[in-house]
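Observations on chain architecture
Below, each chain spelled out in residue letters.
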Amino acid sequence: MIRNSVLHRFCLLAGLCLLVAALSGCALPSSGPSYSQVQHAVSSTNLEGITLVNVDDALTRKLMAGYKNDRFSDIFGASRPTEYLIGPGDVIEVSVWEAPPAMLFGSIAVDVVTAGIKTTRAETLPAQMVMEDGNISVPFAGRIFVAGKSIRAIEADITKRLQGQANNPQIIVRVARGNTTNVTVIGDTTQSAQFPLTPKGERLLDAIAQAGGVKQPVSRMSVQLSRKSVIATMPLDAVIRDPKQNIALMPGDVVTALFQPKSFTVFGAAGRTQEVPFEAQGISLAQALARSGGLDDMRADARGLFLFRFEDARLVETDKALTPAADGTTPVVYQVNMNDPTSLFVTQNFPVKDRDVIYVAHASAVEFEKFLRMLGLAMAPATSTIQSIYYLQYMQYLNKR
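Residues numbered from 1 in each chain as written. Predicted model: local features only at pLDDT ≥ 70, side-chain atom pairs only at ≥ 80, totals over all residues. Heavy atoms only, no water.

1. Considering the nonpolar core
To be explicit about the condition: We define the nonpolar core as a collection of buried residues of types Ala, Val, Leu, Ile, Met, Phe, Trp, Tyr and Cys that are connected through side-chain atoms lying within 4.5 Å of one another. Throughout this description, buried means an accessible area under 20% of the type-specific maximum (1.4 Å probe, protein chains only), exposed means over 50%, and partly exposed covers the range between. Counting from the N terminus, the helices are the DSSP runs of H or I reaching at least four residues and the strands are the DSSP runs of E reaching at least two. Two residues form a contact once any of their heavy atoms are found within 4.5 Å.
Residues Phe264, Leu285, Leu305, Tyr334, Val352 and Ile358 are the most contacted members of the largest nonpolar core, which totals 30 residues. Residue assignment for this core shows that the elements contributing at least two residues are helix 3 (57-68), strand 15 (262-268), strand 16 (274-278), helix 8 (285-291), strand 18 (300-312), strand 19 (329-336) and strand 21 (357-362). For this core, the leading source of residues is strand 18, giving 4 residues. What Phe264 contacts, discounting residues up to four positions off in sequence, is Gln274, Glu275, Val276, Phe278, Ile283, Ala288, Val352, Asp356 and Ile358. In terms of nonpolar packing, the next biggest core, distinct from the first, is built from 23 residues, Ala193, Ala207, Ile208 and Val223 among them.

Quick look at the structure:
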């Protein structure tokens, strides 16, 4: 009778555990949502701002094309070195040559060797800064407007003004200090620098070299170029590898060398849960999975590889009404089915961006295993009680003998 009572209680306890687990499955320990929970959450009306997108080759190609628009050659155009134009703030030097005998700018000196009189034919005027009105002053020529003009044009203007006064004048104009064509280099370089552009047409890498080069490994560096109201950033090694991105600089450009280690974070049933740094040029999803230990084949649901990202809203195609944030991004969940063999090709090209979150869902069998483990722990006291009762009954039987 005692045995039957204990067995009855054991069955009741087991049934109660099953009922509790069924009604409160969310109470099971978990490192994140399952494959079905992620899909349900994204499609829920409470999360209308998040888009779930299946990753395929067409999507990967579209994203790659969209990210290529961040190249300097596309944003700033194929800028070429332009002719140097004088502006307010530049310091220029004017030299006047006259054919003998010099009438205006020549001087008379006594040659002690020949005991004769020698007439010099050149005069270099004091260097002067171009004022805010864009004018300079030249003796016998008056005030001459030079702002926005090339050196050749200024020389022609002065020559024209001196015709009839000087004896066949020849004018040479030199930029003593070019303050309006300066380029500034700052950031993680050996030293900050500011230097004027020359008719050579200095380029982006010339500016970094002028500042002594970067202090960190090239693979971890990015270059930001600010030109008027346009700002763009590219990996430094991408600029080195593609000569088209080593664009010509323009007056007023600001070049910033950035050491900003990029990283992605991995959660769920991956080999390791961690934050993983990667190179400035970026890596593929396949590389990211390899660096995080891949999928754990004892826990992972290969259908549920998810990548969470704030994506450029212009690259997202969905039936939902998107409301981009102030920076033009919208939350997107990219899903990859690793059970599909073609996904191994897709992940080789799918780009991972800075601050991406990669999540690998747990398989349903893992959740069931957790439930069985908890059920075993819950039933352990009852099992121990049954064993004790059997032991007592056996001892009573031996005593009666």
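2. Let's talk about the pattern of salt bridges
For the record, the criterion: The term salt bridge refers to a side-chain nitrogen of Lys or Arg lying within 4 Å of a carboxyl oxygen of Asp or Glu.
Per the counting criterion, the structure on display carries 14 salt bridges. The shortest N-O distance in the salt bridge between Asp188 and Lys215 comes to 3.6 Å. Of this pair, Asp188 sits in the loop between strand 10 (182-187) and strand 11 (193-196) while Lys215 sits in the loop between helix 6 (204-210) and strand 12 (221-227), and the two are 27 residues apart along the sequence. Given the relative accessible area of 16%, Asp188 is considered buried.

3. Section: the environment of Ile151
With respect to the helices, strands and loops of the structure, Ile151 is situated in helix 5 (residues 151-162). Note: C-alpha distance between Ile151 and Glu83 (68 residues apart in sequence) is 9.1 Å.

4. Some thoughts on the packing of aromatic side chains
Here is the rule we go by: The rule is short: rings of Phe, Tyr and Trp, with Trp giving its six-membered ring, pair when the centres are within 6.5 Å, and they are stacked under 30 degrees, edge-to-face over 60, tilted in between.
In this structure the tally under the stated criterion is 3 aromatic pairs. On the basis of an interplanar angle of 35° and a centroid distance of 6.1 Å, the ring pair of Phe264 and Phe278 is categorised as tilted. Pair noted here: Phe264 is in strand 15 and Phe278 is in strand 16, with a separation of 14 residues, a long-range link. For Phe278, a relative accessible area of 1% puts it in the buried group. Look at Tyr334 and Phe350: their rings are 5.2 Å apart centre to centre, the planes differ by 70°, and that puts the pair in the edge-to-face class.

5. Examining the sheet that holds strand 10
Rules: In this analysis, strands are considered paired if DSSP registers two or more bridges between them. Lines fitted to C-alpha atoms define the axes here, with helix axes fitted over just the stretch in contact, and angles between the N-to-C directions of these axes take values from 0 to 180 degrees.
Strand order across the open sheet formed by 5 strands is 11-10-14-12-13, with mixed pairing between neighbours. Edge positions in the sheet fall to strand 11 and strand 13 (230-235), since each has one partner strand and no second. Between one strand axis and the next, the sheet turns through 20° on average, direction left out of account.

6. Points about unusual backbone geometry
Among all residues except glycine, the phi angle is most often negative; among peptide bonds, the trans geometry is most common. The backbone of Phe140 shows a phi angle near 70°, a positive value even though the residue is not glycine. The residue Phe140 is located in the loop between strand 7 (135-138) and strand 8 (142-145) in this model. A positive phi angle, near 55°, is found at Lys228, a position not held by glycine. By secondary structure assignment, the location of Lys228 is in the loop between strand 12 and strand 13. Residue class for Lys228 comes out exposed when judged on its relative accessible area of 87%.

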